[in-house]
Amino acid sequence: MKKIIIYLLTVILGLGIAIAIVTNDHVLTGISKLKSGTVNAVILGDSIAVSQGASNPLTTGWNSDLETSLFNKYSNKIVWDNKASAGTTIDSCLKRATEIVSTTDAVFICAGRIDRIIDTPDQFSKKYIQLINDIKSKAPNADIFCIVEPPMVSLDESLFLGIRTAIINASVKTGSNLLDVWSAFPQDEVTLGAFLMDGLHPNDAGYNLMSDFMYKRLVTVINAVERKYYLPF
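Participant: I'm lost on the environment of Ala166 in this one. Help?
Facilitator: On the secondary structure map, Ala166 appears in helix H6 (residues 157–174). According to the relative accessible area criterion, Ala166 is buried, its value standing at 6%. Through-space distance from the C-alpha of Ala166 to that of Gln123 is 9.4 Å; in sequence the pair is 43 residues apart. Apart from residues lying up to four places away in sequence, Ala166 is in contact with Pro121, Phe124 and Ser125.

Right, here's the structure in full:
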């Protein structure tokens, strides 16, 4: 009899856990809201963040391509609030971050190119981490995506490698999501040139490569949210 009672209690507790898990699975936050509705996303960054170099940034830019791919999969849209502009540094991103509203679902940080000639990697890292923390304070439920911008054809490209490392480390330290777009592009200058409009800004093919890389990573994140609630029995 005692064994039967223990068994029943175990089943009841298990069902209770299952119910709680299923309930939580319906409370979607951040980018995973795409499974059920619209996602409000903010972009902070520089000229690449606004898709400079694309034939038409509104239709062939990285965020436009990304929105189309995600809509085709989830049938829901991303509404973009692009606060980026050409010439923007991490300091400018810190100022624009104050405008983020609490209902923001996702924030994409696409900056660092210009900072390679302004700040040391350590200086940049401190500001980048501050930016992430500021975003969290403004929009606690938002998913934060740290984009490492594509490589460029330049003699001082080596200066950006320190910035790239700083972004990668900051994403780990703050528990943010890394989108290392840099790693998706060719590293030799001849092949890389085919994806760049002017040696720095991607062309349509470059932005498509960028968005495709990001799409695959975002789908992985969203699917991971679904798997998170699977029971071990």
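Text resumes after the structure shown.
Participant: Would you explain the sheet that holds strand S5 (residues 177–179) in this entry?
Facilitator: Picture the strands of a sheet paired through backbone hydrogen bonds; they go either parallel or antiparallel. If you walk across this open sheet you meet the 5 strands as S2-S1-S3-S4-S5, and the pairing is parallel. At either end of the open sheet lies a strand with only one pairing partner, and these are strand S2 (78–82) and S5. The sheet shows a mean angle of 25° between the axes of neighbouring strands, taken without regard to direction. Along the sheet, helix H3 (residues 62–74) makes contact with strand S1 (39–45), S2, strand S3 (106–110) and strand S4 (143–147), crossing S2 at roughly 165°.

Participant: Any chance you could explain the packing of aromatic side chains here in plain terms?
Facilitator: Given two aromatic rings, one states the distance between the centres and the angle between the planes to describe the pair. Scanning all chains against the criterion turns up 6 aromatic pairs. Aromatic pair Trp62 and Trp80: ring centres 5.8 Å apart, planes at 75°, arrangement edge-to-face. Linking Trp62 in helix H3 with Trp80 in strand S2, this pair joins segments that are 18 residues apart in sequence. As far as burial versus exposure is concerned, Trp62 and Trp80 are alike and both buried. Aromatic side chains Phe185 and Phe195 sit 6.1 Å apart centroid to centroid with 75° between the ring planes, which places their arrangement in the edge-to-face category. Of this pair, Phe185 sits in the loop between S5 and helix H7 (189–193) while Phe195 sits in the loop between H7 and helix H8 (204–227), and the two are 10 residues apart along the sequence. With relative accessibility at 3%, the residue Phe185 sits in the buried group. Counting every residue linked through ring pairs, the aromatic cluster contains Trp62, Trp80, Phe108 and Phe145.

Participant: In this structure, what is going on with H6? I would like to understand it.
Facilitator: Given 3.6 residues to a turn, an α-helix orients residues that are three or four positions apart in the same direction. The terminal C-alpha atoms of H6 lie 26 Å apart, and with 18 residues this matches the ideal 26 Å at 1.5 Å per residue to within 8%. Buried within H6 we find Glu157, Phe160, Ile163, Arg164, Ala166, Ile167, Ala170, Ser171 and Thr174. Along H6, the residues classed as buried sweep out an arc of 165° about the axis, all on the same side. Across from the buried face of H6, at angles greater than 90 degrees, the exposed residues are Ser158, Val172 and Lys173. Taken from the residues just after H6, Gly175 is the one with a positive phi, measuring 70°.

Participant: Before we go on, may I ask you to explain the nonpolar core in this structure?
Facilitator: Nonpolar side chains in soluble globular proteins tend to be buried together. In this structure, Ile31, Trp62, Phe108, Ile147, Met210 and Met214 are the most contacted members of the largest nonpolar core, which totals 32 residues. Contributions of two or more residues to this core are made by S1, H3, S2, S3, S4 and H8. Residues contacting Trp62, with those up to four places away along its chain left out, are Ile43, Ile48, Ala49, Ser51, Trp80, Phe108, Ile147, Tyr207, Met210, Ser211 and Met214. Residues Ala97, Ile135, Cys146 and Phe160 belong to the second largest nonpolar core, which totals 27 residues.

Participant: What's the story with unusual backbone geometry in this structure? I'm lost.
Facilitator: Excluding glycine, residues mostly have negative phi values, and the peptide bonds linking residues are mostly trans. A positive phi angle is found at Ser51, which is not glycine, with a value near 60°. Considering the arrangement of structural elements, one finds Ser51 in the loop between S1 and helix H2 (57–60). Taking relative accessible area as the criterion, Ser51 reaches 0% and is therefore assigned buried. Positioned with a positive phi, Ser75 is a non-glycine residue whose angle comes to about 65°. Along the chain, Ser75 turns up in the loop between H3 and S2. The exposure class of Ser75 is exposed, given its relative accessible area of 52%.

Calculation criteria
- Residues numbered from 1 in each chain as written.
- Predicted model: local features only at pLDDT ≥ 70, side-chain atom pairs only at ≥ 80, totals over all residues.
- Heavy atoms only, no water.
- Helix = DSSP H or I, 4+ residues; strand = E, 2+ residues; numbered from the N terminus.
- Buried < 20%, exposed > 50% of the residue type's maximum accessible area, 1.4 Å probe, protein only.
- Contact = heavy atoms within 4.5 Å.
- Pairing = 2+ DSSP bridges.
- Axes fitted to C-alpha atoms, helices over the stretch in contact; angles between N-to-C directions.
- Phe/Tyr/Trp six-rings, centres within 6.5 Å; stacked < 30°, edge-to-face > 60°.
- Expected span 1.5 Å × (residues − 1).
- Arc of directions from axis to C-beta.
- Core = buried A, V, L, I, M, F, W, Y, C linked by side-chain atoms within 4.5 Å.

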